Amino acid sequence: MRGWMPYLLAAVGLSLFLGVWELVPRLGLLPPTLLPAPSQLPAAFLREAKSGIWGESVLFSLWHYAIGLAVGTGCGIVLGVATGMYRPFDWTLAWIVRVLRPIPGLAWVPFAILWFGIDQTAAVFIIAIGCFWIVFFAAQGAIRGVDRDLIEVAEAFGFGSGPEKLIKVLFPAALPGILIGIRTALGQAWMAVVASELFGVSGLGQRMQQASSLLATDIVVVYMLTMAALYGLVDTAFVFLQSRLLAWKA
Amino acid sequence: MDSVIAIEGLGIAFEQGGVRTEVLRGLDFKIAPGEFVAIVGPSGVGKSTLLRVLIGLATPSSGTVRLNPDVGADRAMALVFQDSRLLPWRRILSNVCFGLEKTHLSRAERRERAVSALAGVGLRDVAARFPHQLSGGQRQRVALARALAVRPAILLMDEPFSALDVQTRESLQDELIRVQRASGQTVLFVTHDIDEAVYLADRVVALGGRPGEVKISLKIDVPHPRRRDDLTLRDLAARIRTVLFAEVIVREDWVI
């Protein structure tokens with residue numbers, strides 16, 4: 001009973017969602033331009049795919065996503081770990097962090113354009129900012145939360161320097177917390193992808209922007225679902241990787 | 001070579017919130033090669049702090065610790081903690097390798113040493129497991145293997161069996177004696193259990209008072225294997241109890 005129940009209920013839930021969605025425009029509760037029915041979508045998707053725009057947009061966005069995520073996550077881990085390990089460094093950055101932290105990625109768009117032009121680099125920059133803070137705070141918290149007893153083990157066996165402690169104990173012990181931060185960033189980065197491509201850099205975001213200005217809402221939904229699928233794929237792969245990396249956990 | 005380590009006039013004090021607390025004062029003792037010394041005393045007397053100073057986790061406020069340079073050991077000391085403190089993300093063999101990673105041994109040599117240290121505590125077959133898959137007693141044996149693998153001049157043990165159930169504790173005590181007698185390892189063993197101390201050690205040093213001082217140092221001249229109900233051991237334990245118990249009663253800050 002427990003074996004297939006979760007899948008059955010998931011299927012029921014999804015069918016209900018799609019059914020209601022299909023009925024709303026069909027019963028005339030909303031005009032199809034405001035809410036395209038799910039049955040319209042395959043045709044819209046095929047049109048997009050055949051023209052090659054879909055594939056190209058996906059590739060561009062994936063590229064921005066991957067680089068932006070890598071840069072943001074990398075910087076987040078390095079600075080998070082460093083501020084987590086060294087209090088004086090944390091104190092030094094404390095107010096810089098408080099000044100910059102609340103600024104949303106979108107607010108950086110004008111500067112991204114001025115600094116990098118309407119260019120892929122600008123998109124990467126916006127996405128990296130979106131991921132950075134999440135990973136930064138996750139890494140800092142995870143490093144601070146490492147069991148002091150385990151750090152003592154490192155010291156007792158002669159690993160007294162900061163880098164030695166980091167490699168031998170701090171980083172592996174903090175990894176579960178850091179991975180949770182990265183997983184949150186995986187979702188955040190897709191939101192940033194759309195924002196970063198709104199101003200003319202090629203990709204899903206730009207295509208959605210064009211389609212919505214033409215009121216081609218079916219195309220907009222196709223790209224929304226595309227993004228959901230890509231996120232689902234990336235997240236599933238990440239959870240798999242996470243379970244491999246954390247196989248030592250009970 | 002008369003001693004592996006000579007501790008002279010060792011004092012340990014902490015300062016917290018402007019208040020200086022003296023934990024240990026004027027501690028003097030030597031440990032001979034291959035000797036098994038147990039330190040007993042009531043909690044708070046500074047037994048564990050002494051080990052922390054020796055391993056380098058804390059600094060003494062006075063006195064000297066001199067290690068005999070003639071001892072051909074890879075590392076001066078290795079410590080077995082009260083809780084095993086294995087690194088949960090490392091497999092058992094890798095945990096035993098941990099201390100060896102500070103040496104200049106090759107990867108193969110480290111592995112070889114870790115395997116033999118693990119076999120020495122009878123746990124060769126759990127090498128590929130993670131710590132959480134082992135029982136408390138097994139974990140503590142792995143911690144012992146991790147410390148022995150670095151071949152320390154002195155093996156320090158901080159109440160290593162106090163968190164275990166009685167049966168496991170007794171079997172680990174016997175295991176420790178077997179390993180120690182087979183290797184001639186010098187051991188400094190801290191415990192609050194006087195019976196455990198006289199059962200295991202060649203010499204028992206009892207600390208008491210505030211700040212802690214050596215109250216009595218007794219040689220335990222009973223050959224191994226010993227019986228737990230040996231009358232001589234009981235007498236020796238009783239003598240230590242008398243000294244320490246008298247100490248507790250006259251303490252001024254005694255509160256029930």
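Fair warning: this is a prediction, and the values are worked out from it, not measured in the lab.

Peer 1: Whenever I open this one, the overall build of chain A confuses me. Can you help?
Peer 2: For chain A, the count of helices and strands is ten helices and zero strands. Tracing chain A from N to C terminus, the helices and strands come up as α-α-α-α-α-α-α-α-α-α. Along the longest, intermediate and shortest principal axes, the C-alpha atoms of chain A span 70 × 60 × 30 Å. Looking at chain A as a whole, 32% of its 250 residues qualify as buried.

Peer 1: It is not clear to me how the overall build of chain B should be interpreted in this structure. Could you clarify?
Peer 2: A tally of helices and strands in chain B yields seven helices and nine strands. Here the C-alpha radius of gyration of chain B, 19 Å, is about what a compact globule of 256 residues would show, namely 18 Å. Oriented by its inertia axes, the alpha-carbon framework of chain B measures out at about 55 × 45 × 40 Å. Out of the 256 residues belonging to chain B, those deemed buried represent 42%.

Peer 1: Any chance you could explain the interface of chain A and chain B here in plain terms?
Peer 2: The interface is formed by 13 residues belonging to chain A together with 13 residues belonging to chain B. When residues of the side of chain A that touches chain B are traced back to their parent elements, those giving at least two are helix H7 (148-156) and helix H8 (162-197) of chain A. If you tally residues by element for the side of chain A that touches chain B, the top one is H7(A), at six residues. Among the residues forming the side of chain A that touches chain B, the class breakdown is nine nonpolar, one polar and three charged.

Peer 1: Quick question: what am I supposed to make of the sheet that holds strand E5 (residues 75-80) of chain B here?
Peer 2: Within a sheet, adjacent strands bond to each other through the backbone by hydrogen bonds, running parallel or antiparallel. All names here are of chain B. The six strands lie next to each other as E5-E6-E7-E3-E8-E9, forming an open sheet whose pairing is mixed. The strands lining the two open edges of the sheet, one partner per strand, are E5 and strand E9 (213-219). When the angles between neighbouring strand axes are averaged without regard to direction, this sheet yields 20 degrees. For E5 and strand E6 (residues 152-158), the ladder comprises five bridges, and the chain directions are parallel. Along E6, the bridge assignment pairs Val 80 with Met 157.

Peer 1: Help me out: how do you make sense of helix H6 (residues 120-144) of chain A in this one?
Peer 2: Structural remark: α-helix, 3.6 residues per turn; residues separated by three or four positions point the same way. Residues and elements named next belong to chain A. For H6, with 25 residues, the first-to-last C-alpha span of 36 Å sits near the 36 Å given by 1.5 Å per residue. The largest bend in H6 amounts to roughly 30 degrees and is located at Phe 132. Burial runs high along H6: 20 of the 25 residues are buried.

Peer 1: Which parts of the structure should I look at to understand the sheet that holds strand E2 (residues 19-31) of chain B?
Peer 2: Residues and elements named next belong to chain B. Strand order in the open sheet made by the three strands is E2-E1-E4, with antiparallel pairing throughout. Two strands close off the open sheet at either side, each with one partner strand: E2 and strand E4 (62-67). Sheet twist, expressed as the average angle between the axes of neighbouring strands with direction ignored, equals 25 degrees. Across nine bridges, strand E1 (residues 5-16) lies against E2 in antiparallel orientation. From the neighbouring strand, Ala 13 faces E2, where its bridge partner is Glu 22. Against the sheet, helix H1 (residues 47-55) engages E1, E2 and E4, with an angle of about 70 degrees to E2.

Peer 1: Help me understand the pairing of strand E7 (residues 186-190) of chain B, please; the structure alone is not making it clear to me.
Peer 2: For a regular strand, the rule is simple: side chains alternate between the two faces of the sheet. Residue and element names in this part refer to chain B. Burial analysis of E7 places five of its five residues in the buried class, which makes it a mostly covered element. Here E7 shows two buried faces, one formed by Thr 186, Leu 188 and Val 190 and the other by Val 187 and Phe 189. Sheet analysis places strand E3 (residues 36-40) next to E7, joined by four bridges and oriented parallel. Bridge assignment links Val 37 to a residue of E7, and that residue is Leu 188. Sheet analysis places E6 next to E7, joined by five bridges and oriented parallel. Opposite Leu 156, over in E7, you have Leu 188 as the bridge partner. In this fold, the crossover linking E6 to E7 by way of helix H5 (residues 166-183) has right-handed handedness.

Peer 1: What's the story with the environment of Gln180(B) in this structure? I'm lost.
Peer 2: Along the polypeptide, Gln180(B) turns up in helix H5. Sequence spacing of Gln180(B) and Leu148(B) is 32 residues, and the spatial spacing of their C-alpha atoms is 9.9 Å.

Peer 1: It is not clear to me how the nonpolar core should be interpreted in this structure. Could you clarify?
Peer 2: A general trend in soluble globular proteins is that nonpolar side chains are found buried together. Of all hydrophobic cores here, the largest spans 127 residues; its most connected members are Ile127(A) and Leu156(B). The element that contributes the greatest number of residues to this core is H6(A), accounting for 18 residues. Leave out the neighbours within four places in its chain, and Leu156(B) touches Leu51(B), Leu54(B), Ile55(B), Met77(B), Ala78(B), Leu79(B) and Leu188(B).

Peer 1: In this structure, what is going on with helix H4 (residues 136-149) of chain B? I would like to understand it.
Peer 2: Residue and element names in this part refer to chain B. Between the first and last C-alpha of H4 there are 20 Å, a value that for 14 residues agrees with the 20 Å anticipated at 1.5 Å per step. Burial runs high along H4: twelve of the 14 residues are buried. Burial in H4 covers these residues: Gln 138, Arg 139, Gln 140, Arg 141, Val 142, Ala 143, Leu 144, Ala 145, Arg 146, Ala 147, Leu 148 and Ala 149. On its buried face, H4 sits against E5, helix H2 (92-97), helix H3 (107-120), E6 and H5. Remark: Arg 151 follows H4 within two positions and exhibits a positive phi of approximately 50 degrees.

Peer 1: What is the right way to look at the confidence of the model for chain B in this model?
Peer 2: Overall, the predicted model of chain B reaches an average pLDDT of 90, with 94% of residues at or above 70. Here helix H7 (residues 231-250) of chain B stands out as the least confident element of chain B, with mean pLDDT 82; H2(B) is the most confident, with 97.

The rules behind the values
- Residues numbered from 1 in each chain as written.
- Chains lettered and ligands numbered in written order.
- Predicted model: local features only at pLDDT ≥ 70, side-chain atom pairs only at ≥ 80, totals over all residues.
- Helix = DSSP H or I, 4+ residues; strand = E, 2+ residues; numbered from the N terminus.
- Buried ≥ 20, exposed ≤ 12 C-beta atoms within 10 Å, placed from the backbone.
- Rg over C-alpha atoms; globule rule 2.2 N^0.38 Å.
- Contact = placed C-beta atoms within 7 Å.
- Nonpolar A, V, L, I, M, F, W, Y, C, P; charged D, E, K, R; others polar.
- Pairing = 2+ DSSP bridges.
- Axes fitted to C-alpha atoms, helices over the stretch in contact; angles between N-to-C directions.
- Expected span 1.5 Å × (residues − 1).
- Bend = angle between axes of the 7 residues up to and from the residue.
- Right-handed = clockwise from strand over helix to strand, strands pointing away.
- Core = buried A, V, L, I, M, F, W, Y, C linked by C-beta atoms within 7 Å.
- pLDDT = per-residue confidence, 0-100.

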